[in-house]
Amino acid sequence: MKMKYLDLKEIKDLSQFKEIKAYYEDILQKATETGALEVQDADNEYIKELDRIGKIVYVYERLHFPAKNLKFKSPLIISIENELDKRQLKQRQAAELLDVKESTFSQIMKGKRSVPKIMAKKLYSEFNIDPVLILENL
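Since the model is a prediction, treat every value here as computed from it, not as a measurement.

Some thoughts on the packing of aromatic side chains
Point 1. The final tally for this structure, using the stated rule, is four aromatic pairs.
Point 2. Seen from their ring centres, Phe17 and Phe65 are 5.5 Å apart, and the 50° between their planes marks the pair as tilted. Taken together, the residues Phe17 in helix H1 (residues 14–34) and Phe65 in the loop between helix H2 (45–64) and helix H3 (75–87) connect sequence positions 48 residues apart.
Point 3. Ring centres 6.1 Å apart and planes at 65° place the aromatic pair Tyr60 and Phe65 in the edge-to-face group.
Point 4. By the ring-pair criterion, three or more aromatic residues cluster together here, those being Phe17, Tyr60 and Phe65.

What follows is the structure in structure tokens.
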């Protein structure tokens, strides 16, 4: 394997980043094709080069492509959505069934508000939602 960028300490710009990332991808592909990655804790030229270049790429990405905060839906919200889909209900109709205002229901579904007790009882009785999921979101 022919190694490149031996004196590289940091990536200077986006153009260089793209070039080095392509080099990294090429090494990864060759390592995969030759089976160099199949042995756990292997210490070969491919792994050493992937590690060296990967660290440099990582630093550039952290500085120039910060990760966005990811939001995940709670299991309760997913269960409610599934029930709405199954029954072909719109949020307005679901809010009526659950005895809450449509705006309140919307805020709950967006994760901006907790479930009121009156709605919790209806989620169980009307939608058969798991009580554990409900209790975790009161």
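A look at H1
Point 1. Helix length check: H1, at 21 residues, gives a terminal C-alpha distance of 30 Å against a target of 30 Å (1.5 Å per residue), a fit within 8%.
Point 2. Those residues of H1 that are buried lie in contact with H2.
Point 3. The residue sitting at the N-terminus of H1 and contributing the capping side-chain oxygen is Asp13; that oxygen lies 3.3 Å from the backbone nitrogen of Ser15.
Point 4. Where H1 terminates, the next one or two residues include Gly35, which has phi positive at roughly 80°.

Brief notes about H2
Point 1. A rise of 1.5 Å per residue sets the reference length of H2, with its 20 residues, at 28 Å; its end C-alpha atoms lie 29 Å apart and thus fit the reference within 8%.
Point 2. Every buried residue belonging to H2 is among Tyr46, Glu49, Leu50, Ile53, Ile56, Val57 and Tyr60, and all of these are buried.
Point 3. Contacts made by the buried residues of H2 are with H1.
Point 4. Capping of H2 at its N-terminal end is provided by Asn44; its side-chain oxygen lies 3.0 Å from the backbone amide nitrogen of Tyr46.

A look at the nonpolar core
Point 1. By size, the foremost hydrophobic cluster in this structure holds 19 residues, and its most contacted members are Leu76, Ile80, Phe105, Met119 and Leu123.
Point 2. Elements supplying a minimum of two residues to this core: H3, helix H4 (91–97), helix H5 (102–109), helix H6 (117–127) and helix H7 (131–136).
Point 3. When residues no more than four places from it in sequence are discounted, the contact partners of Leu76 are Val115, Leu123, Ile129, Leu133, Ile134 and Asn137.
Point 4. Ile11, Ala36, Tyr46 and Ile56 belong to the second-largest nonpolar core, a separate cluster that totals 14 residues.

Calculation rules
Residues numbered from 1 in each chain as written. Predicted model: local features only at pLDDT ≥ 70, side-chain atom pairs only at ≥ 80, totals over all residues. Heavy atoms only, no water. Phe/Tyr/Trp six-rings, centres within 6.5 Å; stacked < 30°, edge-to-face > 60°. Helix = DSSP H or I, 4+ residues; strand = E, 2+ residues; numbered from the N terminus. Expected span 1.5 Å × (residues − 1). Contact = heavy atoms within 4.5 Å. Polar contact = N/O pair within 3.5 Å; in protein donor to acceptor, adjacent residues only side chain to side chain. Buried < 20%, exposed > 50% of the residue type's maximum accessible area, 1.4 Å probe, protein only. Core = buried A, V, L, I, M, F, W, Y, C linked by side-chain atoms within 4.5 Å.

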